[in-house]
Amino acid sequence: MGVDPHLMENLRRIVSTCSLRERQVIIAFDEMEVRKELEFNKADDVVDGYQDFGGGCRNGAIASKALVFMVKGCCSNWKYIMSFYASSNAVHADQLKSLLLENIDAATDIGLIVRGIVCDQGSSNLRLNREICTESDHFFIYKDAKIVFLWDFPHLFKSLRINLFSKGFKVDGYSINKEPIVAVYEHDKKNFNVKLCPKLTERHVYLSSWDKMNVARAIQVFSRTVAAAIDTLISNGKLNESAKPTSEFLKKINDIFDELNVKSLHTSNPNNKPIHKGCNAKIERLKNALEYVQKIETTNMVKCVNGLAQTIRGMVLLSEEVFDSCNDVNYVLTGKLSQDALENAFSRFRAQGNNSHPSVHKSIITPDNVAKKNSGLDTLECKKDRFI
């Protein structure tokens, strides 16, 4: 458990051959549910499945969660799982801060340059943000290094959809709510031949507990197609003019998502362009997006709106830091500044044995499995060209 010195030594060898551009990284971390199960680990001569934070911090509580830290390139297509921790409950903010700094130190010691961290808005993560970001909400200083604190933007849009459907928002005094979206779905439900939004289903508008967790459907609701359908119903007299602000809201959120979800250099969507060095057009659009987000009125309990504003500021700051330190970096793909790679790793853990809740021993901390999940190789001797 903890930062594995063998894996870090392997990573050190790889990093020694990397360029300055490839050494610009973020650290993503998240928890996943694990099955409460004890199993003897023959390799280490210990029983796996107990709460274990590494460095001898182990007790008799049975673990139900695994906290995983992954390091990934800001400007290059590589990632590496640095550490695992087993916990009986969600890791407390104080403990989480200690583990985060441990991983930042481990990454820095092998020559990586940590530009940011990314996580979701769990309660411990929110408190961590308040504790370490004292000068600003979107970065902190650690050992003279400026590290940007980013919220995972796909989670933010998921939470935004949940709150739109449960509480609604206000922008410039106008109410934004789910009713026009539901009206579009009900209209299409009655019209089998011609549908305004063929992809809009019951699971998009009548949310079960599982539907609330689906990011893809949240993004499909925040689309120009749904906004155009609302405008059509307004023009036909089937919705009144009070639905217009909701239509405008969907268009704005759609464009903001496109601005953040940039994963390719070449795209026909003008909003889906990376942040280019010396090009102010993207920065201006992000500033306009920030101004709009700051107009969204909501209750103090809704954290995703402030989180979205914080993440936009953080992405701009992170790109500036990278550009200032690396002459050969000309652009930053903002879509890579998320924890998607970590979520994909969790999917691979769960897929092992077709188990949605793997045990600590069988699917997470076995060193051979960790090496395979990181590099696709059968041993710890990873080669850089396979390290993707």
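Structure report, in brief. Starting afresh in each chain, residues are numbered from 1 along the sequence in its written order. At least 70 in pLDDT is required for a residue's local features to be given in this predicted model, at least 80 for side-chain atom pairs to be given and counted, and no such filter applies to totals for whole chains, interfaces and linings, which use all residues. Excluded from the side-chain calculations are hydrogens and water; all other atoms, namely the structure's heavy atoms, are used.

1. Brief notes about the overall build of the protein
Our working rule: Helical segments are the DSSP runs of H or I of at least four residues, strand segments are the runs of E of at least two, and each set is numbered from the N terminus. The reference for a compact globule is 2.2 Å times residues^0.38; the radius of gyration itself is calculated from the C-alpha atoms. When accessible area is computed with a 1.4 Å probe and restricted to protein chains, residues below 20% of their type maximum are described as buried, those above 50% as exposed, and intermediate ones as partly exposed. Throughout, a residue-residue contact means that at least one pair of heavy atoms, one from each residue, lies within 4.5 Å. Charged residues are defined narrowly, with Lys and Arg counted positive, Asp and Glu counted negative, and His plus the chain ends left uncounted. The atoms used to mark charge sites are NZ of Lys, CZ of Arg, CG of Asp and CD of Glu.
A count of helical and extended segments in the protein gives 14 helices and 16 strands. The C-alpha radius of gyration of the protein comes to 22 Å, within 12% of the 21 Å expected for a compact globule of 388 residues. In terms of its C-alpha atoms, the protein occupies a principal-axis envelope of roughly 70 × 50 × 40 Å. Within the protein, buried positions represent 52% of all 388 residues. Put simply, 70% of the contacts in the protein that link residues at least 6 apart link residues at least 24 apart. Charge-centre separation for the protein: the mean point of 52 positive side chains lies 5 Å from the mean point of 47 negative side chains.

2. As for the sheet that holds strand β13 (residues 174–176)
The following threshold applies: Whether two strands pair depends on DSSP finding at least two bridges between them.
Here we have three strands laid out as an open sheet, ordered β13-β12-β15, and antiparallel in their pairing. Two strands lie at the open edges of the sheet, namely β13 and β15 (296–297), each paired on one side alone. Sheet analysis places strand β12 (residues 169–171) next to β15, joined by two bridges and oriented antiparallel. Bridge pairing links Val171 to Ile296 in β15.

3. Digging into the packing of aromatic side chains
The test is simple: Side-chain rings of Phe, Tyr and Trp (the six-membered ring for Trp) are treated as a pair once their centres are within 6.5 Å; stacked means planes under 30 degrees apart, edge-to-face means over 60, and tilted covers the remaining angles.
Tallied over the entire structure, the rule returns eight aromatic pairs. On the basis of an interplanar angle of 35° and a centroid distance of 5.7 Å, the ring pair of Phe169 and Phe249 is categorised as tilted. Placement of the pair is Phe169 in strand β12 and Phe249 in helix α9 (residues 244–260), with a sequence separation of 80 residues. One exposure class covers both Phe169 and Phe249, and it is buried. A ring pair is formed by Tyr185 and Tyr206, whose centres lie 6.0 Å apart and whose planes are at 80°; its orientation type is edge-to-face. In this pair, Tyr185 sits in helix α5 (residues 179–190) while Tyr206 sits in the loop between α6 (202–205) and α7 (215–221), placing the two residues 21 residues apart along the sequence.

4. Quick notes on the state of the cysteines
Between two cysteines, a covalent bond joining their sulfur atoms is known as a disulfide. We apply this condition: Here, two cysteine sulfur atoms that lie within 2.5 Å of each other are counted as a disulfide.
One pass over the full model with this rule turns up zero disulfides. Here Cys304 stays free of any disulfide, with the sulfur of Cys119 as its closest cysteine sulfur at 15 Å. Accessibility expressed as a relative area gives 2% for Cys304, which makes it buried. In this structure Cys326 is not part of a disulfide, and its nearest cysteine sulfur, from Cys75, lies 6.5 Å away.

5. Some thoughts on the packing of α9 against helix α10 (residues 280–293)
To keep things clear, this is the line we draw: Axis definition: a line fit to C-alpha positions, over the contact stretch in the case of helices; interaxial angles, taken between N-to-C directions, run 0 to 180 degrees. Every angle not falling under 35 degrees, over 145, or within 65 to 115 is termed oblique; those three ranges are roughly parallel, roughly antiparallel and roughly perpendicular. With the far helix as reference, a near helix turned anticlockwise by less than a right angle produces a left-handed crossing, and one turned clockwise produces a right-handed crossing.
Viewed as axis vectors pointing N to C, α9 and α10 meet at an angle of 140°, and their least axial separation amounts to 10 Å. As summarised for this structure, α9 and α10 are arranged oblique, according to the angle between their axes. Both α9 and α10 take part in a crossing whose hand is left-handed. On the side of α9, the interface is formed by Glu248, Phe249, Lys252, Ile256, Glu259 and Leu260, while α10 contributes Lys282, Arg285, Leu286, Ala289, Tyr292 and Val293.

6. With respect to the packing of helix α2 (residues 93–109) against helix α3 (residues 123–132)
Note the cut-off: We call Asp, Glu, Lys and Arg charged. Ala, Val, Leu, Ile, Met, Phe, Trp, Tyr, Cys and Pro are nonpolar, and the rest, Gly among them, are polar.
Between α2 and α3, the least distance of the axes is 9 Å, while the angle of their chain directions is 65°. Relative to α3, α2 is oriented roughly perpendicular. Here the hand of the crossing between α2 and α3 comes out right-handed. Of α3, the residues touching α2 (which contributes Ala93, Asp94, Leu96, Lys97 and Leu100) are Ser124, Asn125, Arg127, Leu128, Glu131 and Ile132. Along the lines of polarity and charge, the residues of the contact of α2 with α3 split into five nonpolar, two polar and four charged.

7. Quick look at the nonpolar core
Operational definition: To form a nonpolar core, buried Ala, Val, Leu, Ile, Met, Phe, Trp, Tyr and Cys residues must be joined to one another through side-chain atoms within 4.5 Å.
Counting 118 residues, the largest nonpolar core has Ile104, Ile117, Phe157, Phe249 and Ile256 as the members making the most contacts within it. Among residues more than four places away in sequence, those in contact with Phe157 are Ala218, Ile219, Phe222, Ile253, Ile256, Phe257, Leu260 and Leu308.

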